[in-house]
Amino acid sequence: PTALMVGSGIGAENGVLIRSGEAIQTMKDVHTIVFDKTGTITKGRPEVTDIVKNGEFEERDVLYFAASVEHGSEHPLAQAILEVAEKKRIKLGKVTNFETSTGKGIIGKVVEKEVAVGNKKLMKELNIDFTDLIKDVERLEDEAKTAMMVAVDKKAAGIIAEADTLKEDSIQAINELERRGIKTVMITGDNKRTGEAIAKKVGISRVLAEVLPEDKVAEIKRLQDEVGLVAMVGDGINDAPALKQANVGIAIGTGTDIAIESSDITLVRGDLSSVIVALNLSQAVFRKIKQNYFWAWAYNGVAIPLAAIGLLHAMIGVAAMALSSVTVITNSLRLRKAKIKPKYLK
């Protein structure tokens, strides 16, 4: 308990809040860490990079219909579209029959025209032919961009592509974990092509793409059956159940309250380097726990029995018991000298 208390304090000083002692002890045995993409590996502030028109539609038309139907949405992808529409001073149309399809996109009526904005799954469900634009979609996805297809009255109107900036330390943190033999996995609702392009940039070894929010728990369970102990790092509302399912749930402190409440560890600063801090802290705390057990048994296991059978003065046995407690506390306090920050931060 003393080592855990000191470790929790050191973690807090370094932006790692530990909610349970069990989590910090389990963390050292984790060999697979799953990362959500948006807001975890990336900053969660995507920007529109490309607008591709099709047929009779102009770029301004594509943006008008997409922004109109996305109006009111709090999703980062929607906000990026609305920002561009505002910069271009596009007056949005009134939306009716608004409907969301979780993990796929949105549908609504704009000026009596049926508008759909979303991914390939949504367009396939609506039987909308995007053959003319499929090469553009693949090109954008190869560039690690999220390509959202826009359809108006069942016709392919165009594509709006967005890119999210990687966090400053994502590449270094992932590379450090991989160097230590810890497998990294990215879980995302993006298609496989985009997911693999981003994973290649940061050095992640495995991608779970096109995963709907409600399927994240099942993916974590599948990984647990496959590799054993799994940690999950996420920031959003839809990450909360997966954080609970993981052996160690790690929430980004800049994320949603429900994700933080569902986690075992919270990274206050929101940087991925704090995952390595948590891992190093777990290993350091466990080393101290083993050392404390040794010294406690060394003093009490030897001196007290010898005093009991008369081979040592009784006061020596009493002193040994007191000294063992002092040693455990002093040894635990030495955790403060442990180097828990990754080397590349120094």
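No experiment lies behind these values; they were computed from the predicted model shown.

A. Region of the structure containing the overall build of the protein. Summing up its helical and strand segments, the protein has 14 helices and 13 strands in all. Split into buried and exposed, the 346 residues of the protein put 49% on the buried side. When contacts within the protein are restricted to residue pairs at least 6 apart in sequence, those whose partners lie at least 24 apart make up 61%. Summing over all exposed atoms, the protein offers an accessible surface of approximately 17,400 Å²; the carbon and sulfur share of this is 53%.

B. Inspection of the nonpolar core at higher detail. Ile33, Phe35, Leu177, Ile250, Ile265 and Val275 are the most contacted members of the largest nonpolar core, which has 40 residues in total. Once residues within four sequence positions are removed from consideration, Ile265 is found in contact with Val16, Leu17, Ala23, Val248, Gly249, Ile250, Ala251 and Ala278. Leu82, Val110, Val152 and Ala157 belong to the second-largest nonpolar core, a separate cluster that totals 24 residues.

C. Here's a closer look at the side chain of Asn280. Following the sequence through the fold, Asn280 ends up in helix H13 (residues 273-308). At 2.6 Å, the side chain of Asn280 forms a polar contact with the side chain of Arg180.

What counts and what doesn't
Residues numbered from 1 in each chain as written. Predicted model: local features only at pLDDT ≥ 70, side-chain atom pairs only at ≥ 80, totals over all residues. Heavy atoms only, no water. Helix = DSSP H or I, 4+ residues; strand = E, 2+ residues; numbered from the N terminus. Buried < 20%, exposed > 50% of the residue type's maximum accessible area, 1.4 Å probe, protein only. Contact = heavy atoms within 4.5 Å. Areas by Shrake-Rupley, 256 points an atom, 1.4 Å probe, with all protein chains shown as cover. Core = buried A, V, L, I, M, F, W, Y, C linked by side-chain atoms within 4.5 Å. Polar contact = N/O pair within 3.5 Å; in protein donor to acceptor, adjacent residues only side chain to side chain.

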